[in-house]
Amino acid sequence: MQHDKGILLESGTNELEIVEFSVDTIRFGINVIKVREIINPVTITPVPNSHSYIEGIIELRGEVLPVVDVAKALKRPASNQPAKDKFIVTEFNQQKIVFHVHQVTQIHRISWMEIEKPSDLYQGLETQITGVVKDESDMILLLDFEKLVTDVNPEAGIDQSKIKRLGQRQRSSKRLVVAEDSPLLRKMISDTLGTAGYANTEFFENGYDALLYLQSLVESGHAIEDEVQLVITDIEMPQMDGHHLTKKIKEDDRLSALPVIIFSSLITEDLRHKGKMVGAQAQVSKPQIGELVQMIDEFIL
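Everything numeric in this text was worked out from a predicted model, so none of it was measured.

Core analysis: the largest hydrophobic core is formed by 25 residues, its most contacted members being F21, F99, L143 and F145. Residue assignment for this core shows that the elements contributing at least two residues are β2 (15–23), β3 (26–31), α1 (70–73), β7 (86–92), β8 (95–101) and α2 (145–152). Leaving out residues up to four positions away in the same chain, L143 has contacts with F21, F28, G29, V70, L74, Q128, I129, T130 and L148. Counting residues in hydrophobic clusters, the runner-up holds 18 residues, among them A179, V231, I249 and L258.

The next thing to look at is the sheet that holds strand β15 (residues 230–233). The strand order β14-β13-β15-β16-β17 describes an open sheet built from five strands, whose pairing is parallel. Two strands close off the open sheet at either side, each with one partner strand: β14 (201–204) and β17 (282–285). Neighbouring strand axes in the sheet, compared pairwise and without regard to direction, differ in orientation by 20° on average. Sitting on the sheet, helix α7 (residues 242–251) is in contact with β13 (176–179), β15 and β16 (260–264), with an inclination near 180° to β16. Strands β13, β15, β16 and β17 of the sheet are contacted by helix α9 (residues 289–300), whose axis makes an angle of about 175° with β16.

Time to look at the packing of aromatic side chains. Following the criterion strictly, the structure yields five aromatic pairs and no others. Taken together, a centroid distance of 6.4 Å and an interplanar angle of 10° make the contact between F92 and F99 stacked. Its relative accessible area of 0% is what places F99 among the buried residues. A centroid spacing of 4.7 Å and a plane angle of 80° characterise the contact between F99 and F145, whose relative ring orientation is edge-to-face. One end of the pair, F99, is in strand β8; the other, F145, is in helix α2, and 46 residues separate them in sequence. Put simply, the rings of F21, F28, F92, F99 and F145 pair up and form one aromatic cluster. A cation over an aromatic ring shows up here: K34 above the ring of F92, its NZ or CZ 5.7 Å from the ring centre.

Checked against the element boundaries, V68 lands in strand β6 (residues 63–69). On the basis of relative accessibility, which here comes to 4%, the residue V68 falls in the buried class. When the C-alpha atoms of V68 and H102 are compared, they prove to be 12 Å apart, with 34 residues separating the residues in sequence. Ignoring any residue separated from it by four or fewer positions in sequence, one finds V68 in contact with Y53, I54, I97, V98, F99 and H100.

Sheet analysis places strand β5 (residues 54–60) next to β6, joined by six bridges and oriented antiparallel. The partner of I57 across the bridge, within β6, is P66. Between β5 and β6, which follow one another and run antiparallel, lie two residues, and R61 among them has a positive phi close to 50°.

Below, the discussion takes up the pattern of salt bridges. Summed over the entire model, instances satisfying the criterion amount to 19 salt bridges. Its salt-bridge partner being E17, residue R109 comes within 3.4 Å of it at the nearest N-O pair. Of the two residues, R109 sits in strand β9 (residues 103–111) while E17 sits in strand β2, which places them 92 residues apart along the sequence. Residue R109 shares its accessibility class with E17, and that shared class is buried. Of the charged contacts in the structure, one is a salt bridge between R76 and D24, with a shortest N-O distance of 2.8 Å.

A contiguous nonpolar patch, built from M113, Y208 and L212 and spanning about 270 Å² of accessible area, is present on the exposed surface. Locating L212 in the fold gives a position in helix α5 (residues 207–219). On the basis of relative accessibility, which here comes to 40%, the residue L212 falls in the partly exposed class.

Residues of the protein with pLDDT of at least 70 account for 90%, and the chain-wide mean is 88. The model gives residues 1–7 a pLDDT under 50, and that stretch makes 23 contacts with residues more than four places away or in other chains.

What counts and what doesn't
Residues numbered from 1 in each chain as written. Predicted model: local features only at pLDDT ≥ 70, side-chain atom pairs only at ≥ 80, totals over all residues. Heavy atoms only, no water. Core = buried A, V, L, I, M, F, W, Y, C linked by side-chain atoms within 4.5 Å. Buried < 20%, exposed > 50% of the residue type's maximum accessible area, 1.4 Å probe, protein only. Helix = DSSP H or I, 4+ residues; strand = E, 2+ residues; numbered from the N terminus. Contact = heavy atoms within 4.5 Å. Pairing = 2+ DSSP bridges. Axes fitted to C-alpha atoms, helices over the stretch in contact; angles between N-to-C directions. Phe/Tyr/Trp six-rings, centres within 6.5 Å; stacked < 30°, edge-to-face > 60°. Lys NZ or Arg CZ within 6 Å of the ring centre and 35° of its normal. Salt bridge = Lys/Arg side-chain N within 4 Å of Asp/Glu carboxyl O. Patch = residues over 30% accessible without salt bridge, like charges linked within 9 Å, V, L, I, M, F, W, Y side chains within 5 Å. Areas by Shrake-Rupley, 256 points an atom, 1.4 Å probe, with all protein chains shown as cover. pLDDT = per-residue confidence, 0-100.

The following block contains the structure:
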């Protein structure tokens, strides 16, 4: 594993940088892109009747931010040296949240190919781990921060009611390919697209499998536009991320006509340029599923 403190400026390299942190004795990682800053603990104001994971709120440069106790969320003991704990200030899903952890150690630059999907033996639909990175002597677990936030505030997840507000929908015969590593989100997206009339959808749990599928269609002599009309991809996925998948599609003359929509919690004004660099037609932030459906309508209806 290579250690590197330079921020990835290129897009579509299939690499990421993770901040390694620990809770109790377990090593975890978070994508650097989600991290705004890391600060020492400050005074927390408790909020009565809030979710059990929420320690309270802090004020940081004029903003009031919630603090999630990661140890409590993972059912691990509290820190032995709370004065040395760290607060990771994050931004994703169009919101800022602080995660209270025990230690922050270093940054690793790795390839998504080095990240393994958690085995079904220790992963259910409600898993808190999205990937496993093998280090020389140990493992780093990539924590599912989106799920932690949805546990605390279910309204932060995908809301099908926004689709129902679009009114009666015609069933579409258009075929979509979706690359999304979270089983929970795959089901939610499938249900929501079905409600929107897009029932003919093929799901893959990473960009690599989605790309192999698209390549297999054109290698058998079919024009891609006759087989698939649109690709939707997450960014953070084991094996191949969404930026690299988009780049591969756009570089392949047989696939480049396919519209690609990036649907990710990492779509912010600061990071939107990364999707543009690899040729994505549109980028929609989770959980804005209504906006996603309107984009699909625009490209293929």
